[in-house]
Amino acid sequence: MLINAENLLQYQRCKRRPFLDTHGDYNQRVVTHELLVKVQQDKIAHQQSVMENLEYHQPEYPRKNWQAGAAATIELMQQGVDFIHRGVLLANYVDKYTLLSRPDLLVKQPGKSWLGDWVYVPLDIQLGKRPKQEYQVVAAFHAEILAALQENIHQEAWLILRNKDSTYVVDVDKWIPQMLEILAEYVQMIESPEPPEVFIARQKCNLCHWYNHCYAIAQSQEHLSLLPGVTPIRYTQLQALSTTTLEALANTSSSSLENLIGFDADVASKLIVQAKSTFTKQPLVLPYPLPGEELTFTAPIELYFDIEAQPDLNLNYLLGVLVVDRQANSEQFYSFLAETPAQEELIWQQFLDLVWQYPQAPVYHFCAYEFDTVKRLARLYRTPHTSVQPILNRFVDIYEQLTQSVALPIESYALKAIARWLGFEWRDKEASGAKCIYWYDQWLETSDRTLLELIQRYNEDDCRATRKVKDWLVNFFQNEYARHLA
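Residues numbered from 1 in each chain as written. Predicted model: local features only at pLDDT ≥ 70, side-chain atom pairs only at ≥ 80, totals over all residues. Heavy atoms only, no water.

1. Focus: helix H8 (residues 211-221)
In step 1: If you check which residues of H8 are buried, you get Tyr211, His213, Cys214, Tyr215 and Ala218.
In step 2: Among the structural elements, helix H2 (16-23) and helix H7 (202-205) are those in contact with the buried residues of H8.
In step 3: Of the residues one or two after H8, glutamate 222 is the one with positive phi, at around 50°. (Buried < 20%, exposed > 50% of the residue type's maximum accessible area, 1.4 Å probe, protein only. Helix = DSSP H or I, 4+ residues; strand = E, 2+ residues; numbered from the N terminus. Contact = heavy atoms within 4.5 Å.)

Okay, here's the thing in C-alpha coordinates:
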(Lines give C-alpha, C1' and ligand atoms only; values in the text may rest on other atoms or scores of the structure.)
Protein backbone atom coordinates (compact mmCIF):
# COMPACT_ATOMS: atom_id res chain seq x y z
CA MET A 1 0.00 0.00 0.00
CA LEU A 2 1.28 3.46 -0.93
CA ILE A 3 1.53 6.37 1.49
CA ASN A 4 2.16 9.71 -0.16
CA ALA A 5 2.68 13.29 0.97
CA GLU A 6 -0.96 14.17 0.30
CA ASN A 7 -2.03 11.48 2.77
CA LEU A 8 0.06 13.10 5.52
CA LEU A 9 -1.15 16.57 4.56
CA GLN A 10 -4.82 15.55 4.84
CA TYR A 11 -4.20 13.58 8.05
CA GLN A 12 -2.87 16.72 9.73
CA ARG A 13 -6.01 18.60 8.71
CA CYS A 14 -8.44 15.82 9.63
CA LYS A 15 -7.61 12.41 11.08
CA ARG A 16 -10.91 11.02 9.82
CA ARG A 17 -10.63 11.90 6.12
CA PRO A 18 -7.71 9.56 5.22
CA PHE A 19 -9.54 6.66 6.87
CA LEU A 20 -12.63 7.34 4.76
CA ASP A 21 -10.51 7.83 1.64
CA THR A 22 -9.06 4.37 2.28
CA HIS A 23 -12.07 2.43 3.55
CA GLY A 24 -15.15 4.59 2.89
CA ASP A 25 -17.99 4.12 0.42
CA TYR A 26 -17.20 6.42 -2.51
CA ASN A 27 -20.92 6.71 -3.25
CA GLN A 28 -21.21 8.81 -0.09
CA ARG A 29 -18.74 11.41 -1.37
CA VAL A 30 -20.01 14.70 -2.76
CA VAL A 31 -18.95 16.47 -5.92
CA THR A 32 -15.83 18.59 -5.52
CA HIS A 33 -16.73 22.10 -4.36
CA GLU A 34 -16.24 24.86 -6.95
CA LEU A 35 -14.02 26.82 -4.58
CA LEU A 36 -11.78 23.80 -4.11
CA VAL A 37 -11.53 23.47 -7.90
CA LYS A 38 -10.52 27.13 -8.03
CA VAL A 39 -7.91 26.63 -5.30
CA GLN A 40 -6.45 23.71 -7.23
CA GLN A 41 -6.37 25.79 -10.42
CA ASP A 42 -4.72 28.67 -8.55
CA LYS A 43 -2.09 26.32 -7.12
CA ILE A 44 -1.24 24.98 -10.58
CA ALA A 45 -0.99 28.53 -11.94
CA HIS A 46 1.25 29.50 -9.01
CA GLN A 47 3.53 26.51 -9.63
CA GLN A 48 3.74 27.33 -13.31
CA SER A 49 4.65 30.95 -12.56
CA VAL A 50 7.50 29.78 -10.32
CA MET A 51 8.84 27.35 -12.91
CA GLU A 52 8.22 29.34 -16.10
CA ASN A 53 11.86 30.42 -16.45
CA LEU A 54 13.40 27.12 -15.33
CA GLU A 55 14.76 24.51 -17.71
CA TYR A 56 13.49 21.42 -15.94
CA HIS A 57 13.18 17.75 -16.83
CA GLN A 58 10.27 15.49 -16.00
CA PRO A 59 10.54 11.68 -15.78
CA GLU A 60 8.61 9.79 -18.44
CA TYR A 61 6.80 6.60 -17.41
CA PRO A 62 3.42 4.87 -17.80
CA ARG A 63 0.71 6.47 -15.66
CA LYS A 64 0.87 5.29 -12.02
CA ASN A 65 3.72 2.87 -12.74
CA TRP A 66 5.65 4.24 -9.80
CA GLN A 67 8.54 1.79 -10.09
CA ALA A 68 9.14 2.94 -13.66
CA GLY A 69 8.78 6.56 -12.52
CA ALA A 70 11.35 6.04 -9.77
CA ALA A 71 13.79 4.46 -12.24
CA ALA A 72 13.32 7.37 -14.68
CA THR A 73 13.88 9.87 -11.85
CA ILE A 74 17.11 8.17 -10.73
CA GLU A 75 18.33 8.24 -14.31
CA LEU A 76 17.79 12.02 -14.44
CA MET A 77 19.54 12.40 -11.07
CA GLN A 78 22.52 10.41 -12.36
CA GLN A 79 22.69 12.67 -15.40
CA GLY A 80 22.93 15.61 -13.01
CA VAL A 81 20.17 17.76 -14.55
CA ASP A 82 19.56 21.01 -12.66
CA PHE A 83 15.81 20.66 -12.02
CA ILE A 84 13.49 17.65 -11.97
CA HIS A 85 9.74 18.35 -11.90
CA ARG A 86 7.50 15.83 -10.11
CA GLY A 87 10.18 13.20 -9.75
CA VAL A 88 9.18 9.88 -8.19
CA LEU A 89 10.94 8.73 -5.03
CA LEU A 90 10.11 5.43 -3.33
CA ALA A 91 11.09 3.96 0.03
CA ASN A 92 10.01 0.86 1.91
CA TYR A 93 8.18 1.35 5.18
CA VAL A 94 6.95 -1.12 7.79
CA ASP A 95 5.35 -4.34 6.54
CA LYS A 96 3.25 -3.76 3.43
CA TYR A 97 3.74 0.00 3.02
CA THR A 98 5.72 1.94 0.44
CA LEU A 99 6.37 5.66 0.79
CA LEU A 100 5.82 7.69 -2.39
CA SER A 101 7.36 11.16 -2.61
CA ARG A 102 6.70 13.48 -5.55
CA PRO A 103 8.08 16.94 -4.70
CA ASP A 104 7.32 19.76 -7.09
CA LEU A 105 11.01 20.15 -7.85
CA LEU A 106 14.26 18.38 -7.14
CA VAL A 107 17.00 21.02 -7.23
CA LYS A 108 20.63 20.07 -7.88
CA GLN A 109 23.11 21.41 -5.32
CA PRO A 110 26.84 20.93 -4.64
CA GLY A 111 27.50 18.04 -2.23
CA LYS A 112 28.61 14.45 -1.91
CA SER A 113 26.43 11.44 -2.73
CA TRP A 114 26.70 8.23 -4.70
CA LEU A 115 25.51 10.29 -7.67
CA GLY A 116 28.75 12.29 -7.71
CA ASP A 117 29.72 15.74 -6.49
CA TRP A 118 26.11 16.81 -6.22
CA VAL A 119 22.93 16.16 -4.29
CA TYR A 120 19.29 17.05 -4.79
CA VAL A 121 17.11 19.10 -2.47
CA PRO A 122 13.29 18.78 -2.54
CA LEU A 123 11.33 21.98 -3.11
CA ASP A 124 7.57 22.25 -2.70
CA ILE A 125 5.52 25.13 -4.10
CA GLN A 126 2.54 25.91 -1.87
CA LEU A 127 -0.27 28.43 -2.25
CA GLY A 128 -0.27 29.45 1.42
CA LYS A 129 1.19 32.70 2.67
CA ARG A 130 3.10 31.23 5.62
CA PRO A 131 5.06 28.01 6.26
CA LYS A 132 2.35 26.12 8.12
CA GLN A 133 3.19 22.95 10.03
CA GLU A 134 1.47 20.76 7.45
CA TYR A 135 3.71 22.14 4.69
CA GLN A 136 6.88 21.61 6.71
CA VAL A 137 5.92 18.06 7.64
CA VAL A 138 5.39 17.26 3.95
CA ALA A 139 8.75 18.85 3.10
CA ALA A 140 10.39 16.71 5.80
CA PHE A 141 8.72 13.64 4.27
CA HIS A 142 10.35 14.40 0.91
CA ALA A 143 13.72 15.14 2.55
CA GLU A 144 13.82 11.90 4.54
CA ILE A 145 13.07 9.70 1.52
CA LEU A 146 15.48 11.62 -0.71
CA ALA A 147 18.32 11.44 1.83
CA ALA A 148 17.99 7.66 2.07
CA LEU A 149 17.94 7.37 -1.72
CA GLN A 150 21.05 9.54 -2.12
CA GLU A 151 22.80 7.87 0.83
CA ASN A 152 23.49 11.36 2.06
CA ILE A 153 23.04 12.33 5.72
CA HIS A 154 22.85 16.05 4.91
CA GLN A 155 19.09 16.57 4.73
CA GLU A 156 17.54 19.78 3.49
CA ALA A 157 14.14 20.91 2.19
CA TRP A 158 12.77 24.13 0.77
CA LEU A 159 9.37 25.78 0.35
CA ILE A 160 8.22 28.51 -2.00
CA LEU A 161 4.98 30.12 -0.79
CA ARG A 162 2.58 32.58 -2.39
CA ASN A 163 5.16 35.32 -2.00
CA LYS A 164 7.60 33.63 -4.35
CA ASP A 165 10.33 36.23 -3.91
CA SER A 166 12.17 34.06 -1.40
CA THR A 167 12.71 30.40 -0.57
CA TYR A 168 11.87 29.19 2.94
CA VAL A 169 14.37 26.70 4.38
CA VAL A 170 12.68 23.99 6.43
CA ASP A 171 14.38 22.95 9.68
CA VAL A 172 14.43 19.22 8.88
CA ASP A 173 16.17 18.33 12.17
CA LYS A 174 13.07 19.62 13.90
CA TRP A 175 10.40 18.38 11.51
CA ILE A 176 11.58 14.91 10.51
CA PRO A 177 11.02 13.43 14.01
CA GLN A 178 7.53 14.96 14.06
CA MET A 179 6.88 13.70 10.55
CA LEU A 180 7.84 10.16 11.58
CA GLU A 181 5.45 10.34 14.54
CA ILE A 182 2.63 11.52 12.28
CA LEU A 183 3.46 8.79 9.77
CA ALA A 184 3.26 6.12 12.49
CA GLU A 185 -0.07 7.55 13.71
CA TYR A 186 -1.38 7.56 10.15
CA VAL A 187 -0.58 3.86 9.68
CA GLN A 188 -2.15 2.99 13.02
CA MET A 189 -5.28 4.95 12.05
CA ILE A 190 -5.84 3.32 8.65
CA GLU A 191 -5.28 -0.12 10.18
CA SER A 192 -7.90 0.53 12.85
CA PRO A 193 -11.28 -1.22 12.32
CA GLU A 194 -13.16 2.00 13.15
CA PRO A 195 -12.69 5.57 11.90
CA PRO A 196 -11.61 8.35 14.28
CA GLU A 197 -14.44 10.15 16.07
CA VAL A 198 -16.30 12.65 13.98
CA PHE A 199 -15.59 16.33 14.69
CA ILE A 200 -17.13 19.07 12.59
CA ALA A 201 -14.83 22.06 12.20
CA ARG A 202 -16.65 24.28 9.71
CA GLN A 203 -13.75 26.07 8.05
CA LYS A 204 -11.81 22.84 7.55
CA CYS A 205 -14.73 20.54 6.78
CA ASN A 206 -16.95 22.51 4.41
CA LEU A 207 -14.92 21.79 1.28
CA CYS A 208 -14.30 18.11 2.05
CA HIS A 209 -15.97 15.49 -0.15
CA TRP A 210 -16.96 13.55 3.02
CA TYR A 211 -18.63 16.54 4.71
CA ASN A 212 -22.24 15.44 4.22
CA HIS A 213 -21.40 11.93 5.45
CA CYS A 214 -19.65 13.17 8.60
CA TYR A 215 -22.20 15.90 9.27
CA ALA A 216 -25.08 13.41 9.20
CA ILE A 217 -23.28 11.29 11.80
CA ALA A 218 -22.56 14.32 13.99
CA GLN A 219 -26.21 15.39 13.82
CA SER A 220 -27.46 11.92 14.73
CA GLN A 221 -25.14 11.94 17.76
CA GLU A 222 -25.91 15.57 18.68
CA HIS A 223 -22.15 15.86 18.76
CA LEU A 224 -20.74 18.77 20.75
CA SER A 225 -18.60 19.87 17.80
CA LEU A 226 -21.84 21.24 16.30
CA LEU A 227 -22.11 23.62 19.24
CA PRO A 228 -20.68 27.10 18.51
CA GLY A 229 -17.61 27.68 20.67
CA VAL A 230 -16.57 24.03 21.02
CA THR A 231 -13.08 23.88 19.52
CA PRO A 232 -10.98 20.69 19.34
CA ILE A 233 -8.94 21.81 22.38
CA ARG A 234 -12.06 22.59 24.41
CA TYR A 235 -13.68 19.32 23.37
CA THR A 236 -10.66 17.39 24.62
CA GLN A 237 -11.01 19.14 27.98
CA LEU A 238 -14.73 18.37 28.11
CA GLN A 239 -14.04 14.72 27.29
CA ALA A 240 -11.67 14.52 30.26
CA LEU A 241 -14.61 15.62 32.44
CA SER A 242 -16.93 13.11 30.72
CA THR A 243 -19.00 16.07 29.58
CA THR A 244 -19.81 14.96 26.04
CA THR A 245 -23.55 15.60 25.68
CA LEU A 246 -25.60 18.77 25.35
CA GLU A 247 -27.54 18.03 28.51
CA ALA A 248 -24.39 17.38 30.52
CA LEU A 249 -22.78 20.62 29.34
CA ALA A 250 -25.97 22.60 29.92
CA ASN A 251 -26.00 21.41 33.54
CA THR A 252 -22.29 22.02 34.17
CA SER A 253 -21.17 24.81 36.46
CA SER A 254 -18.92 27.43 34.89
CA SER A 255 -16.48 27.14 37.79
CA SER A 256 -15.65 23.56 36.76
CA LEU A 257 -14.58 24.76 33.29
CA GLU A 258 -13.08 28.21 33.65
CA ASN A 259 -9.58 27.05 34.67
CA LEU A 260 -9.24 24.45 31.91
CA ILE A 261 -7.03 24.92 28.83
CA GLY A 262 -8.94 26.92 26.24
CA PHE A 263 -11.41 28.30 28.76
CA ASP A 264 -11.74 31.31 31.02
CA ALA A 265 -14.68 32.57 33.08
CA ASP A 266 -16.33 34.34 30.13
CA VAL A 267 -15.88 31.44 27.69
CA ALA A 268 -17.14 28.91 30.24
CA SER A 269 -20.32 30.80 31.13
CA LYS A 270 -21.07 31.66 27.49
CA LEU A 271 -20.59 28.07 26.34
CA ILE A 272 -22.91 26.75 29.03
CA VAL A 273 -25.64 29.22 28.05
CA GLN A 274 -25.11 28.18 24.42
CA ALA A 275 -25.61 24.53 25.40
CA LYS A 276 -28.79 25.45 27.31
CA SER A 277 -30.10 27.40 24.33
CA THR A 278 -29.46 24.49 21.95
CA PHE A 279 -30.83 21.92 24.38
CA THR A 280 -34.03 23.88 25.06
CA LYS A 281 -34.26 25.21 21.46
CA GLN A 282 -34.80 28.72 22.81
CA PRO A 283 -32.83 31.98 22.47
CA LEU A 284 -31.29 33.00 25.80
CA VAL A 285 -29.71 36.20 27.04
CA LEU A 286 -25.99 35.87 27.72
CA PRO A 287 -24.50 36.96 31.07
CA TYR A 288 -23.20 40.19 29.56
CA PRO A 289 -24.62 43.72 29.29
CA LEU A 290 -27.56 44.14 26.96
CA PRO A 291 -26.86 45.66 23.51
CA GLY A 292 -26.11 49.34 23.13
CA GLU A 293 -28.71 51.89 22.22
CA GLU A 294 -28.11 51.30 18.49
CA LEU A 295 -30.38 48.26 18.77
CA THR A 296 -33.05 49.62 21.09
CA PHE A 297 -34.86 51.68 18.49
CA THR A 298 -35.77 51.78 14.80
CA ALA A 299 -34.40 54.70 12.81
CA PRO A 300 -36.54 56.53 10.20
CA ILE A 301 -34.04 55.56 7.47
CA GLU A 302 -31.67 52.62 7.76
CA LEU A 303 -28.92 51.37 5.47
CA TYR A 304 -27.91 47.71 5.21
CA PHE A 305 -24.48 47.16 3.67
CA ASP A 306 -22.74 44.07 2.26
CA ILE A 307 -19.61 43.55 0.14
CA GLU A 308 -18.58 40.86 -2.33
CA ALA A 309 -14.84 40.50 -2.83
CA GLN A 310 -12.26 38.54 -4.81
CA PRO A 311 -9.40 38.00 -2.31
CA ASP A 312 -6.88 36.75 -4.88
CA LEU A 313 -7.25 40.02 -6.81
CA ASN A 314 -7.42 42.08 -3.60
CA LEU A 315 -10.61 43.45 -5.11
CA ASN A 316 -13.95 44.51 -3.64
CA TYR A 317 -16.07 44.35 -6.74
CA LEU A 318 -19.60 44.78 -5.35
CA LEU A 319 -20.80 47.23 -2.71
CA GLY A 320 -24.47 46.59 -2.04
CA VAL A 321 -26.70 48.90 0.00
CA LEU A 322 -30.34 48.36 0.94
CA VAL A 323 -32.02 51.69 1.85
CA VAL A 324 -35.04 51.20 4.11
CA ASP A 325 -37.27 54.26 4.59
CA ARG A 326 -39.63 53.28 7.38
CA GLN A 327 -41.55 56.55 7.29
CA ALA A 328 -42.33 56.22 3.59
CA ASN A 329 -42.61 52.43 3.92
CA SER A 330 -40.26 51.99 0.95
CA GLU A 331 -37.09 50.07 0.12
CA GLN A 332 -34.47 50.50 -2.59
CA PHE A 333 -31.47 48.29 -3.26
CA TYR A 334 -28.34 49.77 -4.84
CA SER A 335 -25.77 47.47 -6.42
CA PHE A 336 -22.47 49.20 -7.14
CA LEU A 337 -20.67 46.67 -9.31
CA ALA A 338 -17.16 46.76 -10.76
CA GLU A 339 -17.39 44.79 -13.98
CA THR A 340 -13.60 45.02 -14.21
CA PRO A 341 -11.03 45.43 -11.40
CA ALA A 342 -10.25 48.91 -12.72
CA GLN A 343 -13.76 50.08 -11.72
CA GLU A 344 -13.27 49.58 -7.98
CA GLU A 345 -12.52 53.27 -7.42
CA LEU A 346 -15.69 54.23 -9.34
CA ILE A 347 -18.00 52.06 -7.23
CA TRP A 348 -16.25 53.29 -4.07
CA GLN A 349 -17.20 56.86 -4.96
CA GLN A 350 -20.75 55.80 -5.86
CA PHE A 351 -21.06 54.18 -2.44
CA LEU A 352 -19.87 57.32 -0.66
CA ASP A 353 -22.26 59.50 -2.66
CA LEU A 354 -25.22 57.32 -1.69
CA VAL A 355 -24.40 57.04 2.00
CA TRP A 356 -23.92 60.79 2.29
CA GLN A 357 -27.47 61.29 0.98
CA TYR A 358 -28.62 59.94 4.37
CA PRO A 359 -26.26 61.59 6.88
CA GLN A 360 -28.23 60.44 9.96
CA ALA A 361 -28.96 56.87 8.90
CA PRO A 362 -27.24 54.01 10.74
CA VAL A 363 -25.29 51.64 8.50
CA TYR A 364 -25.93 48.05 9.55
CA HIS A 365 -23.57 45.28 8.46
CA PHE A 366 -22.71 41.74 9.53
CA CYS A 367 -19.14 41.13 10.82
CA ALA A 368 -16.17 43.47 10.72
CA TYR A 369 -15.27 43.03 7.05
CA GLU A 370 -17.36 45.94 5.79
CA PHE A 371 -15.99 48.33 8.43
CA ASP A 372 -12.38 47.30 7.79
CA THR A 373 -12.83 47.43 4.01
CA VAL A 374 -14.24 50.95 4.04
CA LYS A 375 -11.17 52.08 5.99
CA ARG A 376 -8.89 50.28 3.52
CA LEU A 377 -10.63 51.72 0.45
CA ALA A 378 -10.44 55.20 1.97
CA ARG A 379 -6.66 54.84 2.36
CA LEU A 380 -6.25 53.28 -1.07
CA TYR A 381 -8.11 56.07 -2.89
CA ARG A 382 -6.96 58.86 -0.56
CA THR A 383 -10.44 59.79 0.52
CA PRO A 384 -10.44 62.71 2.99
CA HIS A 385 -10.88 61.71 6.62
CA THR A 386 -13.85 64.07 6.90
CA SER A 387 -15.64 62.15 4.14
CA VAL A 388 -15.17 58.73 5.72
CA GLN A 389 -15.01 58.94 9.51
CA PRO A 390 -18.59 60.26 9.94
CA ILE A 391 -19.79 57.27 7.94
CA LEU A 392 -17.75 54.82 10.02
CA ASN A 393 -19.19 56.38 13.16
CA ARG A 394 -22.63 55.24 11.97
CA PHE A 395 -21.62 51.61 11.36
CA VAL A 396 -23.31 49.01 13.57
CA ASP A 397 -22.02 45.43 13.47
CA ILE A 398 -25.05 43.18 13.91
CA TYR A 399 -22.86 40.11 14.38
CA GLU A 400 -20.98 41.69 17.28
CA GLN A 401 -24.15 42.98 18.91
CA LEU A 402 -25.85 39.61 18.66
CA THR A 403 -22.99 37.32 19.69
CA GLN A 404 -22.19 39.43 22.74
CA SER A 405 -25.76 39.49 24.00
CA VAL A 406 -27.74 36.39 23.05
CA ALA A 407 -27.28 32.65 22.47
CA LEU A 408 -29.34 31.07 19.70
CA PRO A 409 -30.18 27.37 19.21
CA ILE A 410 -28.12 27.13 16.03
CA GLU A 411 -24.90 25.43 14.94
CA SER A 412 -23.19 28.50 13.52
CA TYR A 413 -23.35 32.26 13.87
CA ALA A 414 -22.84 32.79 10.17
CA LEU A 415 -25.43 35.08 8.61
CA LYS A 416 -27.05 32.22 6.69
CA ALA A 417 -27.52 30.07 9.77
CA ILE A 418 -29.07 32.88 11.82
CA ALA A 419 -31.32 34.22 9.06
CA ARG A 420 -32.55 30.76 8.08
CA TRP A 421 -33.36 30.02 11.71
CA LEU A 422 -35.55 33.15 11.52
CA GLY A 423 -37.26 31.87 8.36
CA PHE A 424 -35.36 33.87 5.75
CA GLU A 425 -34.29 32.12 2.54
CA TRP A 426 -31.91 33.12 -0.23
CA ARG A 427 -33.47 33.05 -3.68
CA ASP A 428 -30.65 30.92 -5.07
CA LYS A 429 -30.37 27.97 -2.68
CA GLU A 430 -26.80 27.04 -3.60
CA ALA A 431 -25.41 30.59 -3.63
CA SER A 432 -22.66 31.47 -1.17
CA GLY A 433 -19.76 33.86 -0.74
CA ALA A 434 -17.40 31.15 -1.97
CA LYS A 435 -19.48 30.57 -5.09
CA CYS A 436 -19.54 34.30 -5.79
CA ILE A 437 -15.74 34.26 -5.89
CA TYR A 438 -15.92 31.46 -8.43
CA TRP A 439 -18.70 33.16 -10.41
CA TYR A 440 -16.82 36.47 -10.62
CA ASP A 441 -13.73 34.69 -11.92
CA GLN A 442 -15.92 32.99 -14.50
CA TRP A 443 -17.44 36.37 -15.45
CA LEU A 444 -13.98 37.81 -16.09
CA GLU A 445 -13.21 34.82 -18.34
CA THR A 446 -16.53 34.43 -20.17
CA SER A 447 -18.38 37.80 -19.98
CA ASP A 448 -21.53 35.83 -19.14
CA ARG A 449 -23.81 38.44 -17.53
CA THR A 450 -26.02 35.82 -15.89
CA LEU A 451 -23.11 35.27 -13.47
CA LEU A 452 -23.19 38.93 -12.44
CA GLU A 453 -26.95 38.70 -11.95
CA LEU A 454 -26.48 35.71 -9.63
CA ILE A 455 -23.90 37.62 -7.60
CA GLN A 456 -26.05 40.75 -7.36
CA ARG A 457 -29.09 38.76 -6.28
CA TYR A 458 -27.04 36.99 -3.62
CA ASN A 459 -25.63 40.28 -2.35
CA GLU A 460 -29.10 41.82 -2.11
CA ASP A 461 -30.32 38.79 -0.19
CA ASP A 462 -27.38 39.19 2.21
CA CYS A 463 -28.46 42.77 2.87
CA ARG A 464 -32.07 41.71 3.42
CA ALA A 465 -30.94 38.87 5.69
CA THR A 466 -28.95 41.38 7.76
CA ARG A 467 -32.12 43.44 8.11
CA LYS A 468 -34.07 40.36 9.19
CA VAL A 469 -31.55 39.61 11.93
CA LYS A 470 -31.38 43.22 13.07
CA ASP A 471 -35.17 43.57 13.30
CA TRP A 472 -35.45 40.32 15.26
CA LEU A 473 -32.74 41.42 17.68
CA VAL A 474 -34.43 44.78 18.27
CA ASN A 475 -37.77 43.09 18.98
CA PHE A 476 -36.16 40.45 21.20
CA PHE A 477 -34.48 42.97 23.46
CA GLN A 478 -37.44 45.34 23.49
CA ASN A 479 -39.40 42.41 24.92
CA GLU A 480 -36.57 41.71 27.39
CA TYR A 481 -36.56 45.31 28.56
CA ALA A 482 -40.32 45.24 28.93
CA ARG A 483 -40.14 42.00 30.90
CA HIS A 484 -37.52 43.46 33.26
CA LEU A 485 -39.65 46.56 33.84
CA ALA A 486 -42.85 44.59 34.45
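2. Remarks on the packing of aromatic side chains
Each aromatic ring pair is summarised here by two numbers: the centre-to-centre distance and the angle between the ring planes.
In step 1: This structure, assessed with the given rule, holds 17 aromatic pairs.
In step 2: When the ring of tyrosine 26 is compared with that of tryptophan 210, the centres are 6.2 Å apart and the planes differ by 85°; the resulting orientation is edge-to-face. Taken as a pair, tyrosine 26 in the loop between H2 and helix H3 (34-51) and tryptophan 210 in the loop between H7 and H8 lie far apart in primary sequence, 184 residues in all.
In step 3: Here the aromatic residues Phe305, Trp348, Phe351, Phe371 and Phe395 are joined through ring pairs into a cluster of three or more.
In step 4: Here lysine 15 stacks its cationic end above the ring of tyrosine 11, 5.1 Å away from the centre of that ring.
In step 5: Sitting above the plane of the tyrosine 26 ring, arginine 29 keeps its charged end 4.3 Å from the centroid. (Phe/Tyr/Trp six-rings, centres within 6.5 Å; stacked < 30°, edge-to-face > 60°. Lys NZ or Arg CZ within 6 Å of the ring centre and 35° of its normal.)

3. Some details on the packing of helix H1 (residues 5-13) against helix H6 (residues 172-191)
Each pair of packed helices gets described by two things: the angle between the helix axes and the distance between those axes.
In step 1: Relative to each other, H1 and H6 sit at 85°, their axes nearing to 10 Å. Of the possible angle classes, the one that applies to H1 and H6 is roughly perpendicular. Along the contact surface, H1 presents Asn7, Leu8, Tyr11 and Gln12, while H6 presents Met179, Ile182, Leu183, Glu185, Tyr186 and Met189.
In step 2: When its residues are assigned to classes, the contact of H1 with H6 shows 7 nonpolar, 2 polar and 1 charged. (Axes fitted to C-alpha atoms, helices over the stretch in contact; angles between N-to-C directions. Parallel < 35°, antiparallel > 145°, perpendicular 65-115°, else oblique. Nonpolar A, V, L, I, M, F, W, Y, C, P; charged D, E, K, R; others polar.)

4. A look at the state of the cysteines
In step 1: All chains considered together, the criterion is met by 0 disulfides.
In step 2: Summary of cysteine pairing: cysteine 208 is not part of a disulfide, and the nearest cysteine sulfur, belonging to cysteine 14, is at 6.3 Å.
In step 3: In this model cysteine 214 remains outside any disulfide bridge; the closest cysteine sulfur is found in cysteine 14, 6.4 Å from its own. (Disulfide = S-S within 2.5 Å.)

5. Structural notes on the sheet that holds strand E13 (residues 363-365)
In step 1: The strand order across the open sheet formed by 5 strands is E12-E11-E10-E13-E14, and the pairing between neighbours is mixed. Both edges of this open sheet fall to strand E12 (330-337) and strand E14 (395-397), since each of them pairs with a single strand only. In this sheet, neighbouring strand axes are inclined to one another by 25° on average, regardless of whether the strands run parallel or antiparallel.
In step 2: Pairing of strand E10 (residues 301-310) with strand E11 (residues 315-325), which is carried by 10 bridges, proceeds in the antiparallel orientation. Directly across from leucine 303, in E11, lies its bridge partner valine 323.
In step 3: The sheet contacts of helix H13 (residues 369-380) involve E10, E11, E13 and E14, and relative to E10 the element is tilted by about 75°.
In step 4: The strands touched by helix H17 (residues 433-446) within the sheet are E10 and E11, with E10 carrying the most contacts at an inclination of about 65°. (Pairing = 2+ DSSP bridges.)

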